[in-house]
Amino acid sequence: MSDPGSSPIRGLEAILPSRETIEGAGVHLRRAFGATEVPRLDPFLLLDDFRSQNPAEFVAGFPWHPHRGIETVTYMIDGFVEHEDSIGNKGVIRSGDVQWMTAGNGIIHQEMPKHLNDGRMGGFQLWVNLPADHKMMDPRYQEVQAAHIPQVNPSKDVAVHVIAGQVSGVRGPVRDIVVEPEYLDVRIQPHGVFEHPLTPGHRAFAYVLAGRGRFDDASGEVVDSENLVLFRDGGRVRVEAMDRPLRFLLVSGKPLHEPVAWWGPIVMNNRRELEAAVEEFQNGTFVKHPRPHA
Ligand code: MN
């Protein structure tokens, strides 16, 4: 890898405020980007921030629904999610855990958020697109518990949970994903700075969870929490915390440059493939993998 100190720092292309949305069976959440932004964040399709302190806003959850053609990535930081799917998987995604689900040719699942005694629940769901030649791959999970996600301190002011990608020579546990993603949860102490190399040509964004920060060295713009920073191309990013601790997700991946046809939880390349998926869902032939406990 080239010396990150000599490559250009990525500038800000845009700052996108997240907006309130209702999803699933009535879950109140904030959407940083979604169908209306396509293809701007290619290969990423959607990012939802479903942090809440009010169980009435999330207990209805996301009951049984299909996915095809994409990956859904759930990262929890409060409470937990109970999930269950058409393959027979059943489990719990707890605070600090990640579930990287490759839906591929089709999975039907439900995701039900739950709170602990304090009533709080929170996490993020990212949708990652699959290229045409992988949309119908067999479904696959990478489920990683918090204890297996390394925390790295690149400097005394910075702590990074490495979910995918690499920081200070430490590689995250999620691997072998088509778009070669990096997914970091970064915390910076007040006035601290984090510099990090990114693969030139890969799309990159930061979503601010808490605090305020500067995400480039040119504009001087200060970005608040619940906003998304879309970076221009370049070899590295530089982020500086303001007067409070700053926490953000830093995500990057290789763009696909393919047509996107999107219907609800199914994202394919064209309308014909969408129609086939909906027809298969209606006539019961959507799931391609065997049902172990039919
Ligand atoms: Mn889902």
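Remember, predicted model here, so these are calculated numbers, not experimental data.

1. Let's talk about empty space enclosed by the protein
And then number 1: Enumeration according to the criterion identifies one cavity of 30 Å³ or more in this entry.
And then number 2: Estimated volume of the largest cavity: approximately 50 Å³.
And then number 3: Taken together, the residues that form the lining of the largest cavity break down as seven nonpolar, one polar and two charged.

2. Observations concerning the nonpolar core
And then number 1: F33, L47, F124, L126, Y183, F205 and L228 are the most contacted members of the largest nonpolar core, which has 31 residues in total.
And then number 2: Excluding anything up to four places from it in sequence, L47 contacts R30, R31, A32, F33, F124, Q125, L126, F205, Y207 and L228.
And then number 3: With 24 residues, the next largest nonpolar core counts L198, A204, V239 and L250 among its residues.

3. Side note on the environment of D42
And then number 1: Among the secondary structure elements, D42 is positioned in the loop between β3 (27-33) and β4 (44-49).
And then number 2: With a relative accessible area of 16%, D42 lands in the buried category.
And then number 3: In the structure, D42 is positioned 135 residues away from I177 in sequence and 15 Å away in space, judged by C-alpha atoms.
And then number 4: Not counting chain neighbours up to four residues away, the residues in contact with D42 comprise R203, P255, L256 and H257.
And then number 5: Of the polar contacts made by the side chain of D42, one reaches the backbone nitrogen of L256; its length is 3.0 Å.

4. Here's the deal with the sheet that holds strand β17 (residues 182-188)
And then number 1: Read across the open sheet, the seven strands follow the order β1-β22-β19-β24-β17-β14-β13; overall the sheet is antiparallel. Of all the strands in the sheet, just β1 (12-17) and β13 (151-155) have a single pairing partner and so form its edges. Averaged over all pairs of adjacent strands, the angle between strand axes in this sheet comes to 25°, irrespective of strand direction.
And then number 2: Here three bridges tie β13 to strand β14 (residues 158-164), and the two strands are oriented antiparallel to one another. Residue pairing in the sheet places S155 in a bridge with V158 of β14.

5. Let's talk about the coordination of the manganese ion
And then number 1: Ligation of the manganese ion by protein atoms is provided by H65 (NE2), H67 (NE2), H109 (NE2) and E111 (OE), these donors lying 2.1 to 2.3 Å from the ion.
And then number 2: Read in sequence order, the donor residues coordinating the manganese ion give the pattern H-x1-H-x41-H-x1-E. With H67 in strand β5 (residues 62-67) and H109 in strand β10 (residues 107-114), this residue pair connects regions lying 42 residues apart in the sequence. Judged on exposure class, the residue H67 and its partner H109 are both buried.

6. Here's the deal with the sheet that holds strand β8 (residues 90-94)
And then number 1: Reading across from one edge, β5-β10-β7-β8 is the order of the four strands in this open sheet, with antiparallel pairing throughout. For this open sheet the edge positions go to β5 and β8, each flanked by a neighbour on one side alone. The mean angle between the axes of side-by-side strands here comes to 25°, regardless of whether they run parallel or antiparallel.

7. Overview of the layout of surface pockets
And then number 1: Of the volumes computed, that of the second largest pocket is approximately 420 Å³.
And then number 2: Taken together, 24 residues make up the lining of the second largest pocket; nearest its centre are E23, F62, H65, Q125 and W127.
And then number 3: When contributions to the lining of the second largest pocket are tallied by element, the ones reaching two or more residues are β3, β4, β5, β10 and β11 (122-129).
And then number 4: Residue contributions to the lining of the second largest pocket peak at five residues, all from β5.

8. Re the packing of aromatic side chains
And then number 1: Applying the stated criterion across every chain, the model contains eight aromatic pairs.
And then number 2: Each ring, one from F124 and one from Y207, has its centre 6.3 Å from the other, and the planes form 65°; the classification is edge-to-face. With F124 in strand β11 and Y207 in strand β19 (residues 203-210), this pair connects stretches of sequence that are 83 residues apart. Assigned by exposure class, F124 and Y207 land together as buried.
And then number 3: Their ring planes at 80° and their centres at 5.8 Å tell us that F281 and F286 sit as a pair that is edge-to-face.
And then number 4: Residue F286 is classed as buried on the basis of its relative accessible area, which comes to 1%.
And then number 5: Grouped by ring-pair contacts, the aromatic residues F33, F44 and F205 constitute a single cluster.

About the criteria used
Residues numbered from 1 in each chain as written. Predicted model: local features only at pLDDT ≥ 70, side-chain atom pairs only at ≥ 80, totals over all residues. Heavy atoms only, no water. 1 Å grid on protein atoms, 1.4 Å probe; cavity = no way out; pocket = protein on both sides within 12 Å on 5 of 7 lines; lining within 4 Å. Points joined across faces, edges and corners; volume = space filled by probe spheres on them. Nonpolar A, V, L, I, M, F, W, Y, C, P; charged D, E, K, R; others polar. Core = buried A, V, L, I, M, F, W, Y, C linked by side-chain atoms within 4.5 Å. Buried < 20%, exposed > 50% of the residue type's maximum accessible area, 1.4 Å probe, protein only. Contact = heavy atoms within 4.5 Å. Helix = DSSP H or I, 4+ residues; strand = E, 2+ residues; numbered from the N terminus. Polar contact = N/O pair within 3.5 Å; in protein donor to acceptor, adjacent residues only side chain to side chain. Pairing = 2+ DSSP bridges. Axes fitted to C-alpha atoms, helices over the stretch in contact; angles between N-to-C directions. Donors = N, O, S within 2.8 Å, 3.2 Å for Na, K, Ca; no water. Phe/Tyr/Trp six-rings, centres within 6.5 Å; stacked < 30°, edge-to-face > 60°.

This is a description of form; function is not addressed.
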